[in-house]
Amino acid sequence: MIKGKAALVLVDVQQGIMDTSQHWFRQENADTVARTKKLLDACREANIPAAFLYEVHRTSMIDFGRELDGTEKVHCLEDNPNTPIASALEVRPDDPVIPKRRYSGFLYTDLEVVLNGFGVHAGDTLIMCGYLTDVCVHYTFVDAHQRDFRIKVVRDCCGGSTQKAHDYAFEAMHYLQHDAPCSLDEILQDIKEYGARQK
C-alpha cells in the first residue's frame, strides 16, 4: 500500500544500459526498460509525479573521485550519446531531470528540493526503480530511508551488475524496510488504488 503522497524516482535508466560494450549490459535490459515505461505510464495516469536521476561526468573527469577504483571504467561522460535518459521512457519537457555525480541520488543534487516541490516529504512514499540495483539504486534507497521516506523498490524494473548482486541488494533493502521490495504487478495495483483515492 502507498502511504501518504507518492513520487516515482527513476535511477539512472540511461541510454547506455543498452550498450553491449559496458559491463552492466544484460540481454534483458530492453525488457526491464519496457516494464519501467509501463510503471511510469501508470504513475502518470494516477497523477504521481516522476523525477529522473541520471549519472553524468565532466569530460575532464575531475568529478569521478574514487569511482574508478573498482570495476567501473570511464562512463556517463556529458558528451556521450549513451548518457541521457533512455529514449524509450519518453521524458516530457516539464519532467525534472536531475544530474548526479555520485551513486546516491541525494548526494549533491536537488532531488530533495524537487520532492518537496511535489509535496512529498518524510513519511510519504517513494516508488523507486533503475540501475544498478546494487549501486545507485541501493545508495539512493539508503539515503531516502535515512530521510524517513517510505520506499517501494520495484524488483522487475531494476537491473544489477550481476544477478547475485541484484538479489543481495534487495536483501539489504528488505533489512531496512521489510515492505520495500515489490513486483511490478504489486505496485501497479497499489498505484491503481492510490489513484482512486485521489479522485
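To be clear, the structure that these remarks concern was listed above.
Residues numbered from 1 in each chain as written. Predicted model: local features only at pLDDT ≥ 70, side-chain atom pairs only at ≥ 80, totals over all residues. Heavy atoms only, no water.

## Observations regarding the side chain of Thr32
- Mapped onto the secondary structure, Thr32 falls in helix 1 (residues 29-45).
- Not counting the four nearest positions on each side in its chain, Thr32 is found in contact with Tyr131, Asp156, Cys157 and Cys158. (Helix = DSSP H or I, 4+ residues; strand = E, 2+ residues; numbered from the N terminus. Contact = heavy atoms within 4.5 Å.)

## Let's talk about the side chain of His75
- Among the secondary structure elements, His75 is positioned in the loop between strand 2 (50-55) and strand 3 (97-100).
- A polar contact is formed between the side chain of His75 and the side chain of Glu72, at a distance of 3.3 Å. (Polar contact = N/O pair within 3.5 Å; in protein donor to acceptor, adjacent residues only side chain to side chain.)

## Topic: the pattern of salt bridges
- Per the counting criterion, the structure on display carries 8 salt bridges.
- Here Lys37 ties to Glu90 by a salt bridge, and the two come within 3.6 Å at their closest N and O atoms. Of the two residues, Lys37 sits in helix 1 while Glu90 sits in the loop between strand 2 and strand 3, which places them 53 residues apart along the sequence.
- Since its relative accessible area comes to 17%, Lys37 is described here as buried.
- We classify Glu90 as exposed; its relative accessible area is 54%.
- Where Asp63 meets Arg58, a salt bridge forms, and the shortest distance between an N and an O atom there is 3.0 Å.
- Asp63 sits in the buried class, given a relative accessible area of 7%.
- Residue class for Arg58 comes out partly exposed when judged on its relative accessible area of 35%.
- Taken together, the shared-partner salt bridges in this structure form one network comprising Lys37, Asp41 and Glu90. (Salt bridge = Lys/Arg side-chain N within 4 Å of Asp/Glu carboxyl O. Buried < 20%, exposed > 50% of the residue type's maximum accessible area, 1.4 Å probe, protein only.)

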